[in-house]
Amino acid sequence: NCVDMRARLRAAERLVGVFVNLPAPGLVELLASAGVDFVVIDCEHGLLNPESVEGLIRAAGASGIGAMIRVPAGEPAAIQRYVDAGASGVQVPMIETAEQAAAVVAAARYAPEGRRGVAATRSNGFAAPSAERLQTANETTAIVLQIETGEGVAAAAEIAAVPGVDSLFIGPTDLAHALGRGGQLDHPDVDQAIRTVRKAVGDLPLGILVGSGEDAAKRAGEGMSYLVGTSGGLIRAAVRGLVDTARST
Ligand code: 3PY
């Protein structure tokens, strides 16, 4: 299995990761070689299928980094297959209520914390899991919930208080759109909503999408510890810089 992201979140470590939405294990290895702590394999957006996700998780494990899976929104039952494949944890979009948060915890954790089904899967070494193994899985599977609507912002304190939730994560792109400020991630309304979530989570680790190193440093300065860029955005910006500089003389 991959790195214990839950322990690292709970230790309030500053964790830097990148979304991956291409079926390329080599991309995960490349990102690991650049020093990321984890990848978020994106099954909410893009076309990744479960078979390709397994290869991405394996690449993360072999590279010594974490593999979080962003699961489709509103489908707690889908969580099972990703945790069975050996992910470090799940990141769940569009959470708006404590009930939804509790449903995620139930799907991701074995009894007594949840209702995850037991089977001989990759995450269990392809063997019938021992009681000890189930306990370890419960202790190490990280649960990160995305706040990205006005309703989610309003309920952030209750969501953060649900037992078993390890971190909240602000999705500023969707949040801006939900607040009627589509594409204006720096709009004061979005800023205000982010401040509200920061206050609501208290000591729970908080994450956010970042567009650059400067952006990540700013968010870290605001106390956020789970910082995630996008592989597409970062690669495109670097290549754009190369192309523009090469053509500027
Ligand atoms: C957002 O910014 O809305 C996200 O969900 C992060 O990708």
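Scroll up for the structure.
Remember, predicted model here, so these are calculated numbers, not experimental data.

Criteria and cut-off values
Residues numbered from 1 in each chain as written. Predicted model: local features only at pLDDT ≥ 70, side-chain atom pairs only at ≥ 80, totals over all residues. Heavy atoms only, no water. Near = heavy atom within 4 Å. Polar contact = N/O pair within 3.5 Å; in protein donor to acceptor, adjacent residues only side chain to side chain. Areas by Shrake-Rupley, 256 points an atom, 1.4 Å probe, with all protein chains shown as cover. Core = buried A, V, L, I, M, F, W, Y, C linked by side-chain atoms within 4.5 Å. Buried < 20%, exposed > 50% of the residue type's maximum accessible area, 1.4 Å probe, protein only. Contact = heavy atoms within 4.5 Å. Phe/Tyr/Trp six-rings, centres within 6.5 Å; stacked < 30°, edge-to-face > 60°. Helix = DSSP H or I, 4+ residues; strand = E, 2+ residues; numbered from the N terminus. Salt bridge = Lys/Arg side-chain N within 4 Å of Asp/Glu carboxyl O. Pairing = 2+ DSSP bridges. Axes fitted to C-alpha atoms, helices over the stretch in contact; angles between N-to-C directions. Expected span 1.5 Å × (residues − 1). Arc of directions from axis to C-beta.

Caption draft 1: Region of the structure containing the site of the ligand. Surrounding the ligand, one finds Phe19, Arg70, Gln146, Glu148, Gly171, Pro172, Thr173, Asp174 and Leu209. Here Thr173 contributes a side-chain N or O atom positioned 2.7 Å from an oxygen atom of the ligand. Protein burial of the ligand: of its 230 Å² of free accessible surface, 92% is covered by the chains.

Caption draft 2: Region of the structure containing the nonpolar core. Ranked by internal contacts, the top residues of the largest apolar core, which has 62 residues, are Ile41, Ile57, Ile69, Ile79, Leu145 and Leu168. Ignoring any residue separated from it by four or fewer positions in sequence, one finds Ile57 in contact with Cys2, Ile41, Ala67, Ile69, Tyr82, Ala85, Gly86, Ala87 and Arg122. Listed in part, the twelve residues of the second largest apolar core include Met5, Leu15, Phe19 and Met68.

Caption draft 3: How the structure looks around the packing of aromatic side chains. Going through the model one piece at a time under the given rule, you end up with three aromatic pairs. Ring geometry for Phe19 versus Phe169: centroids 6.3 Å apart, planes at 80 degrees, classification edge-to-face. Residue Phe19 is located in strand E1 (residues 15-20), and its partner Phe169 is located in strand E6 (residues 167-170); the two are separated by 150 residues in the primary sequence. In this structure Phe19 comes out as buried when scored by relative accessible area, which is 5%. When the ring of Phe38 is compared with that of Tyr226, the centres are 4.7 Å apart and the planes differ by 20 degrees; the resulting orientation is stacked. Here Tyr226 lies in strand E8 (residues 226-230) and Phe38 lies in strand E2 (residues 38-42), a separation of 188 residues in the sequence. The exposure class assigned to Phe38 is buried, which follows from its relative accessible area of 0%. Aromatic ring contacts, followed pair by pair, group Phe19, Phe38, Phe169 and Tyr226 into a single cluster.

Caption draft 4: Up close: the pattern of salt bridges. Tallying each qualifying case throughout the model produces 14 salt bridges. One salt bridge in this structure joins Glu44 and Arg70, with 3.2 Å as the shortest N-O distance. Remark: Arg70 occurs in strand E3 (residues 66-70) and Glu44 occurs in the loop between E2 and helix H3 (50-63); sequence separation between them is 26 residues. In this structure, Asp189 engages Arg181 in a salt bridge whose closest nitrogen and oxygen atoms are separated by 2.9 Å. Overall, the relative accessible area of 33% leaves Asp189 in the partly exposed class. In this structure, a network of salt bridges that share partners links the residues Arg6, Arg10, Arg109 and Asp166.

Caption draft 5: Representation of the environment of Arg6 in the model. As for its placement among the helices and strands, Arg6 is situated in helix H1 (residues 5-10). Relative accessible area serves as the criterion here: at 7%, Arg6 is assigned to the buried category. Ignoring sequence-local partners within four residues, the contact set of Arg6 consists of Arg109, Asn138, Glu139, Thr140, Thr141, Ala142, Gly164 and Asp166.

Caption draft 6: Region of the structure containing the sheet that holds E2. Spatially, eight strands are ordered E1-E2-E3-E4-E5-E6-E7-E8 in a closed barrel, and the strand pairing comes out parallel. The sheet shows a mean angle of 25 degrees between the axes of neighbouring strands, taken without regard to direction. In this structure, strand E5 (residues 142-147) lies alongside E6, joined through four bridges in parallel fashion. The residue of E6 that forms the bridge with Gln146 is Phe169. Sitting on the sheet, helix H2 (residues 25-33) is in contact with E1 and E2, with an inclination near 160 degrees to E1. Strands strand E4 (89-92) and E5 of the sheet are contacted by helix H5 (residues 98-108), whose axis makes an angle of about 155 degrees with E5.

Caption draft 7: Broad picture of helix H10 (residues 188-201). With 14 residues, H10 should reach 20 Å at 1.5 Å per residue; the first-to-last C-alpha distance of 20 Å fits that figure. Among all positions in H10, only Val190, Ala193, Ile194, Val197 and Val201 are buried. Looking straight down H10, one finds that the buried residues subtend no more than 100 degrees of arc, so they occupy a single side. Exposed residues on H10 whose side chains face more than 90 degrees from its buried face are Pro188 and Lys199.

Caption draft 8: Quick peek at the pairing of E5. The element E5 is largely enclosed, with a buried count of six among its six residues. In E5, alternate side chains face the same way, and those of Ala142, Val144 and Gln146 on one face and Ile143, Leu145 and Ile147 on the other are all buried. Strand direction decides the pairing type here: E4 and E5, joined by four bridges, are parallel. Considered in E5, the bridge of Val90 is made with Ile143.

By themselves, these are just geometric observations and shouldn't be taken as functional.
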